[in-house]
Amino acid sequence: MLVVVLIVIGYFFREFRSVQAQGEMAAVKTTLGSLRTSLLFDFLKRQAERTDVSVLVERNPFLLLDHLPGNYAGALASAKGQVMQPGTWVFDSFCYCIGYEPMYPYGLNTPDDARTIWFRISPPPGPLQINPMQNYQWAGQPVD
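So, a few notes on the structure that sits alongside this text. Along each chain, residues carry numbers from 1 onward, in the same order as the chain's sequence is written. Local features are withheld for residues below a pLDDT of 70 in this predicted model, meaning they are given only at 70 or higher, and side-chain atom pairs are given and counted only at 80 or more; totals for whole chains, interfaces and linings count all residues. Side-chain measures here rest on the full set of heavy atoms in the structure, leaving out hydrogens and waters.

The subject of this paragraph is the overall build of the protein chain. The helix and strand tally for the protein chain stands at one helix and eight strands. Strands are runs of DSSP state E lasting at least two residues, helices are runs of H or I lasting at least four, and both sets are numbered from the N terminus onward. Starting at the N terminus and walking to the C terminus, you meet the elements of the protein chain as α-β-β-β-β-β-β-β-β. A total of 144 residues make up the protein chain; the buried ones form 33% of that total. Taking all contacts inside the protein chain whose residues are at least 6 apart in sequence as the whole, residues at least 24 apart take part in 47%. Computed with the Shrake-Rupley method and a 1.4 Å probe, the accessible areas treat only the protein chains shown as cover for residues. A total accessible area of about 8600 Å² is found for the protein chain, and carbon and sulfur atoms account for 59% of it. Note on classification: 1.4 Å probe, protein chains only; a residue is buried when its accessible area is under 20% of the maximum for its type, exposed when over 50%, partly exposed between these limits. We call two residues contacting when some pair of their heavy atoms lies within 4.5 Å.

So, on to the pattern of salt bridges. A side chain of one charge can pair with a side chain of the opposite charge if their charged atoms are brought near each other. Within this document, salt bridges are pairs made up of a side-chain nitrogen of Lys or Arg and a carboxyl oxygen of Asp or Glu, the two lying within 4 Å of each other. Inspection of the entire model under this criterion finds two salt bridges. Measuring nitrogen to oxygen at the nearest pair gives 3.1 Å for the salt bridge that ties R46 to D42. One end of the pair is R46 and the other is D42, both in helix α1 (residues 2-48) and four residues apart, which spans about a single turn. Of the residues examined, D42 reaches a relative accessible area of 15% and is grouped as buried. Of the charged contacts, one joins R115 and E101 as a salt bridge, the two residues approaching to 2.7 Å between their closest N and O atoms. You can see R115 sitting in the loop between β4 (108-109) and β5 (117-121) and its partner E101 sitting in strand β3 (residues 97-101), a full 14 residues away along the chain.

Pairing of aromatic side chains requires ring centres within 6.5 Å, counting the rings of Phe and Tyr and the six-membered ring of Trp. Pairs whose planes differ by under 30 degrees are stacked, by over 60 edge-to-face, and all others tilted. Across all of its chains, the model carries seven aromatic pairs by this definition. Among the aromatic residues, those joined into a cluster by ring pairs are F62, Y72, W89, Y100, F119 and Y136.

In this section: the nonpolar core. In terms of nonpolar packing, the biggest core is built from 26 residues, with V28, W89, I98, I117, F119, I130 and W138 touching the most fellow members. Among the elements that make up this core, the one with the highest residue count is α1 (six residues). Beyond its immediate stretch of four places on either side in the chain, I130 contacts L32, L35, R36, L39, P61, I98, F119, R120 and I121. Nonpolar cores were defined as sets of buried Ala, Val, Leu, Ile, Met, Phe, Trp, Tyr and Cys residues, with membership established by side-chain atoms within 4.5 Å.

For two strands to count as paired, DSSP must find a minimum of two bridges between them. Strands sit in the order β1-β2-β3-β5-β6 across an open sheet of five strands; the sheet is mixed. The sheet is open, and its two edges are formed by β1 (72-76) and β6 (130-132), each paired on a single side. Direction aside, neighbouring strands of the sheet carry axes that sit 25° apart on average. Sheet topology note: the strand β2 (residues 88-92)/β3 ladder contains five bridges and is antiparallel. If you follow D92 over to β3, its bridge partner there is C97. Here an axis means a line fitted to C-alpha atoms, over the contact stretch when the element is a helix, while the angle between two N-to-C directions is reported on a 0 to 180 degree scale. Where α1 meets the sheet, it contacts β2, β3, β5 and β6, and its direction lies at approximately 145° from that of β6.

See below:
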């Protein structure tokens, strides 16, 4: 009977971790969607104002949001070499990219086994885009 109870507890623990990872992945995709939307709105606003969209474009999409996310750790120069707090976003001003350090990396597969997932912000002209720097898979789904 003890063996059966331990097997059931192990199964529930594994499923709990999987649900945590899926929830965090949903939060990451929501944040990416908000950032992409803010970049597009900024581009459209500049076009409507007939501002030169190739000059002085804000490439940190977090600064375009109405409110900074509570888990935004700030802008760093070359954050790739630094240890990030789990569950936080950063903007790297050296490579014009954003990074996220997962709290629950269970199910995260990166090509180079890195814990942080990175997204490059495309250069102007045109609306800035946020694209994954590698082929990230989280809980069997692409992170894009």
